[in-house]
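Structure assessment
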Amino acid sequence: METIKRRSWAEPFKIKSVEPLRMTTREERELTIKEAGFNTFLLKSRDVYIDLLTDSGTNAMSDFQWAGMMLGDEAYAGSENYYHLEDKVKEFYGYTHLVPTHQGRGAENLISQILIKPGQYVPGNMYFTTTRLHQELAGGKFVDVIIDEAHDPIAEHPFKGNVDLQKFENLINKVGAEKIAYITIGATVNMAGGQPISMENLRAVYQLASKNKIKVVFDATRAMENAFFIKKREKAYENKTIKEILLEMCSYSDAATMSGKKDLLVNIGGFLAMNDYEIFEEARNMVVVYEGLHTYGGLAGRDMEAMARGIEEACQFNHLQARIGQVEYVGNRLIELGVPIVRPIGGHAIFLDAKQFYPQLEQLNFPAQTLAAELYLDSGIRAMERGIVSAGRNKETGDHYYPKLELVRLTFPRRVYTQAHCDVTVESVFEVWQNRKNVKGLKMIYEPKYLRFFQARFEKL
Ligand code: PM9
């Protein structure tokens, strides 16, 4: 008789509403990817089968959130839903003041303009595309102070998102604390592969920053996912709730930018939150220029309600276990098949190592861009380049940045796809891996000025 060796967990929800998927033929995809300039951002959603482009705004909301949408108080000023959101941000993140924004980059724009003086440095645990751009537009210069392991796809470090305290201190000693606008801390670190930062490191960064009167701006976009990793990997936290961990994480910062489109299970929304009243005053004033009145920040009342309700749902251990567990399932299957991916497996996505797929390609032949196109051609699965195209150009020299990581991200929207979709994905990636030998790269034929990965166009070599 067979014995059961493990007891599985399953998603803590059942499905009530579905959306049909359209499948296409390889011949159709040959045409659509060419029309899209071999850039998956330029594909039409209708031509995509399983959409793993991003986990941003692509989440499935719960019935509780949808019910909340009907309770939208669409007043121009002082919406009920704003006060509900403010309460939830205070309760779960701990910040006293809230400025809603239409999404994360709205908050990044505000904080960059408020805190950066032209010529100042902004260290951070690896760059993020929109974050760095807003820092540069405000006259700042980003400096990467993440640990070296983060740039190595196979280094098995449990907290690859950690700041290298020595690098941070060296920068302070080199340029002087007054030349540092603030330090940005991402959790988890998207571009490193969805890698977490430890509580110990967060605390140490805050101590070092505070000692030098440098503010810490926390990118809380996926902080709940980070809290899950802290609970799993940092002994002192194994018996704490996600909520307790999140509150402590945020306590090691002065302000937070948030894209609610990730952790918070909504399709649109974000915020800037802080404890400092002076920063709040300025943000509240500036938000009316860029987003909308300070009690809606570019969002409808119903969007704020969905986000307030999302905060509570997203912070549940069972939700995070299923969400991160799904990513882990795909990652482990790919590892078993010998497909090179970033290790350890991160929180929101699997990152394929395009340099190992295509050692025959120079980085300027865009291996990751090529791999994302090949995957789409094979099965209609849409992924995202996270390599040299995303890294962009050095503002001062005009040359490309040449990141060590040349990756393709398979990003899992929350509560959207089933294990069968995951299996189909694994099989397609494996097929592309097996057919890797004769693949040729791409050349860029159109390059937009800002965040080029969104709209650049390519041709086959
Ligand atoms: N992240 C993502 O797909 C969406 C746009 S970039 C391709 O990963 C962090 C860590 C993010 C992030 C967006 C933002 C900006 C800030 N920080 O997209 O403006 O991952 O809401 O947030 C994307 P918004």
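Residues numbered from 1 in each chain as written. Predicted model: local features only at pLDDT ≥ 70, side-chain atom pairs only at ≥ 80, totals over all residues. Heavy atoms only, no water.

1. Thoughts on the pairing of strand β3 (residues 141-144)
Strand direction decides the pairing type here: strand β2 (residues 121-124) and β3, joined by four bridges, are parallel. Paired with Val 122 across the strands is Phe 142, a residue of β3. Note that the unit made of β2, helix α5 (residues 129-137) and β3 has a crossover that is right-handed. (Pairing = 2+ DSSP bridges. Helix = DSSP H or I, 4+ residues; strand = E, 2+ residues; numbered from the N terminus. Right-handed = clockwise from strand over helix to strand, strands pointing away.)

2. Focus on the nonpolar core
Nonpolar side chains in soluble globular proteins tend to end up buried together. Counting 63 residues, the largest nonpolar core has Tyr 93, Phe 218 and Met 249 as the members making the most contacts within it. If near-sequence neighbours (up to four positions away) are discounted, Met 249 is found in contact with Ala 187, Met 199, Leu 202, Phe 218, Ala 223, Asn 226, Ala 227 and Ile 230. In this structure, Tyr 358, Ile 381, Ala 383 and Val 432 belong to the second largest nonpolar core, which totals 31 residues. (Core = buried A, V, L, I, M, F, W, Y, C linked by side-chain atoms within 4.5 Å. Buried < 20%, exposed > 50% of the residue type's maximum accessible area, 1.4 Å probe, protein only. Contact = heavy atoms within 4.5 Å.)

3. With respect to the site of the ligand
Inspection of the region around the ligand gives 20 residues, with Thr 54, Arg 105, Asp 219, Ser 259 and Arg 409 positioned closest. The contact in question runs from an oxygen atom of the ligand to an N or O atom on the side chain of Thr 54, over 2.7 Å. Between Gln 103 and the ligand, the recorded distance is 2.9 Å, taken from a side-chain N or O atom to an oxygen atom. Relative to its unbound accessible area of 530 Å², the ligand is 96% covered by the protein chains. Of all the secondary structure elements, the ones that give two or more residues to the shell around the ligand are α4 (104-115) and β9 (384-386). Across the shell around the ligand, the residue classes tally to four nonpolar, eight polar and eight charged. (Near = heavy atom within 4 Å. Polar contact = N/O pair within 3.5 Å; in protein donor to acceptor, adjacent residues only side chain to side chain. Areas by Shrake-Rupley, 256 points an atom, 1.4 Å probe, with all protein chains shown as cover. Nonpolar A, V, L, I, M, F, W, Y, C, P; charged D, E, K, R; others polar.)

4. A word on a nonpolar patch on the surface
Taken together, the side chains of Phe 13, Ile 15 and Val 18 define a hydrophobic patch exposed on the protein surface, amounting to about 320 Å² of accessible area. One can find Val 18 in the segment before α1 (26-35). (Patch = residues over 30% accessible without salt bridge, like charges linked within 9 Å, V, L, I, M, F, W, Y side chains within 5 Å. Salt bridge = Lys/Arg side-chain N within 4 Å of Asp/Glu carboxyl O.)

5. Looking at the layout of surface pockets
Put simply, the largest pocket is a space of about 1200 Å³. Its boundaries defined by the atoms lining it, the second largest pocket holds a volume of some 600 Å³. Forming the walls of the second largest pocket are 40 residues, and the residues nearest its centre are Phe 128, Thr 129, Thr 130, Asn 190 and Lys 262. Every element with two or more residues in the lining of the second largest pocket is listed here: α4, α5, β4 (182-186), β6 (255-259) and β9. Along the lines of polarity and charge, the residues of the lining of the second largest pocket split into 14 nonpolar, 16 polar and 10 charged. (1 Å grid on protein atoms, 1.4 Å probe; cavity = no way out; pocket = protein on both sides within 12 Å on 5 of 7 lines; lining within 4 Å. Points joined across faces, edges and corners; volume = space filled by probe spheres on them.)

6. A look at the pairing of strand β10 (residues 407-411)
With respect to burial, β10 is a largely interior element, five of its five residues being buried. The alternating pattern of β10 places Leu 407, Arg 409 and Thr 411 on one face and Val 408 and Leu 410 on the opposite face, and all of these are buried. The pairing of strand β8 (residues 349-353) with β10 spans five bridges and is classified as antiparallel. Considered in β10, the bridge of Ala 349 is made with Thr 411.

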